Amino acid sequence: MEPRLSLVTLGVADVARATAFYTQLGFTRASASNDDVTFMKAGGVVLSLFGRRPLAEDAGLPPGTPGVDASAGFGGITLAHNVRSEAEVDAVLVQAVAAGAQLRKPGQKVFWGGYSGYFADPDGHLWEVAHNPFFPLDDQGLVQIDEG
């Protein structure tokens, strides 16, 4: 696994309200955003705002409550590591499990048109490993996302 963080996805109660809040802090909504998810550049990382329940469902976990220990349920946040192919998703998941992670969802085609799976680190923090054909990676492995 290349050492990089691609997206930080926050599970939120109201995507529109969260988008307005982060916009007020100076973040700019990307053109790939829609009513269900907002993407914003955050340096070399993308901040993603997604409904808390749909995010928990995508990871295959029951929704928890804010502030709960990540190992006790869904804590409302996932870290994402984007890769260049579906095969690389599977390879990184295998590598993570070999290093001590727990596989939470094997790599599979997903509703948004990509391919992803999830693992939990030893502390229960969720990582999504994803091939997203809509957000290509540049030569440095950074997600390419347009503002506007």
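Coordinates for the structure precede this section.
Remember, predicted model here, so these are calculated numbers, not experimental data.

Peer 1: Tell me about the nonpolar core, residues and numbers included.
Peer 2: Formed by 19 residues in total, the largest nonpolar core has its most connected members in L7, F39, V46, F74, L126, V143 and I145. Looking at this core, the elements with two or more residues in it are strand 2 (37-42), strand 3 (45-51), helix 2 (52-59) and strand 6 (115-120). Ranked by residue count, the leading element in this core is helix 2, at three residues. Discounting residues that sit within four places of it in the chain, I145 has contacts with A30, F39, K41, V46 and F135.

Peer 1: Give a detailed account of the layout of surface pockets, specifying residues and quantitative values.
Peer 2: Of the volumes computed, that of the largest pocket is approximately 440 Å³. V37, F39, S48, W112 and N132 are the residues nearest the centre of the largest pocket, which is lined by 22 residues in total. Those elements giving two or more residues to the lining of the largest pocket turn out to be strand 1 (7-12), strand 2, strand 3, helix 2, strand 4 (77-83) and strand 7 (126-131). In terms of residue count, the dominant contributor to the lining of the largest pocket is strand 4 (three residues). Per-class residue counts for the lining of the largest pocket are 13 nonpolar, six polar and three charged.

Peer 1: Please provide a residue-by-residue account of the packing of aromatic side chains, values included.
Peer 2: The geometry of two aromatic rings is summed up by the distance between their centres and the angle between their planes. Using the criterion set out here, one finds five aromatic pairs in the structure. Here the aromatic rings of F21 and Y22 are separated by 5.1 Å at their centres, their planes lie at 85°, and the arrangement is edge-to-face. According to the relative accessible area criterion, F21 is partly exposed, its value standing at 45%. For the ring pair F50 and F111, a centre distance of 6.4 Å and an interplane angle of 15° mean the geometry is stacked. Placement of the pair is F50 in strand 3 and F111 in the loop between strand 5 (102-109) and strand 6, with a sequence separation of 61 residues. Taking relative accessible area as the criterion, F50 reaches 12% and is therefore assigned buried. An aromatic cluster of three or more residues is present, and its members are F21, Y22 and F27.

Peer 1: Go over the pairing of strand 1, please, and point to the residues and values.
Peer 2: Counted residue by residue, strand 1 has six buried out of six residues, so it is predominantly covered. Alternating positions in strand 1 separate into two faces, L7, T9 and G11 on one and V8, L10 and V12 on the other, with burial throughout. With six bridges connecting them, strand 1 and strand 3 associate as parallel partners. Residue pairing in the sheet places L10 in a bridge with L49 of strand 3. Judged from the four bridges that link them, strand 1 and strand 4 form a sheet pairing that is antiparallel. Directly across from T9, in strand 4, lies its bridge partner T78.

Peer 1: Break down the sheet that holds strand 6 for me, citing the residues and quoting the values.
Peer 2: Within a sheet, each strand pairs with its neighbour through backbone hydrogen bonds, oriented either parallel or antiparallel. Across the sheet, which stays open at both edges, the seven strands sit in the order 2-3-1-4-7-6-5 with mixed pairing between neighbours. Taken across any chain shown, the strands that pair with only one partner, and hence form the sheet edges, are strand 2 and strand 5. When strand polarity is set aside, the average angle formed by the axes of neighbouring strands in this sheet is 20°. Along the sheet face, helix 1 (residues 15-24) touches strand 1, strand 2 and strand 3 and points at about 150° away from the line of strand 3. Of the strands in this sheet, strand 4, strand 5, strand 6 and strand 7 are in contact with helix 3 (residues 86-98), which crosses strand 6 at around 10°.

Reading guide: rules and limits
- Residues numbered from 1 in each chain as written.
- Predicted model: local features only at pLDDT ≥ 70, side-chain atom pairs only at ≥ 80, totals over all residues.
- Heavy atoms only, no water.
- Core = buried A, V, L, I, M, F, W, Y, C linked by side-chain atoms within 4.5 Å.
- Buried < 20%, exposed > 50% of the residue type's maximum accessible area, 1.4 Å probe, protein only.
- Helix = DSSP H or I, 4+ residues; strand = E, 2+ residues; numbered from the N terminus.
- Contact = heavy atoms within 4.5 Å.
- 1 Å grid on protein atoms, 1.4 Å probe; cavity = no way out; pocket = protein on both sides within 12 Å on 5 of 7 lines; lining within 4 Å.
- Points joined across faces, edges and corners; volume = space filled by probe spheres on them.
- Nonpolar A, V, L, I, M, F, W, Y, C, P; charged D, E, K, R; others polar.
- Phe/Tyr/Trp six-rings, centres within 6.5 Å; stacked < 30°, edge-to-face > 60°.
- Pairing = 2+ DSSP bridges.
- Axes fitted to C-alpha atoms, helices over the stretch in contact; angles between N-to-C directions.

Fair warning: the whole summary comes from geometry, so function is off the table for now.
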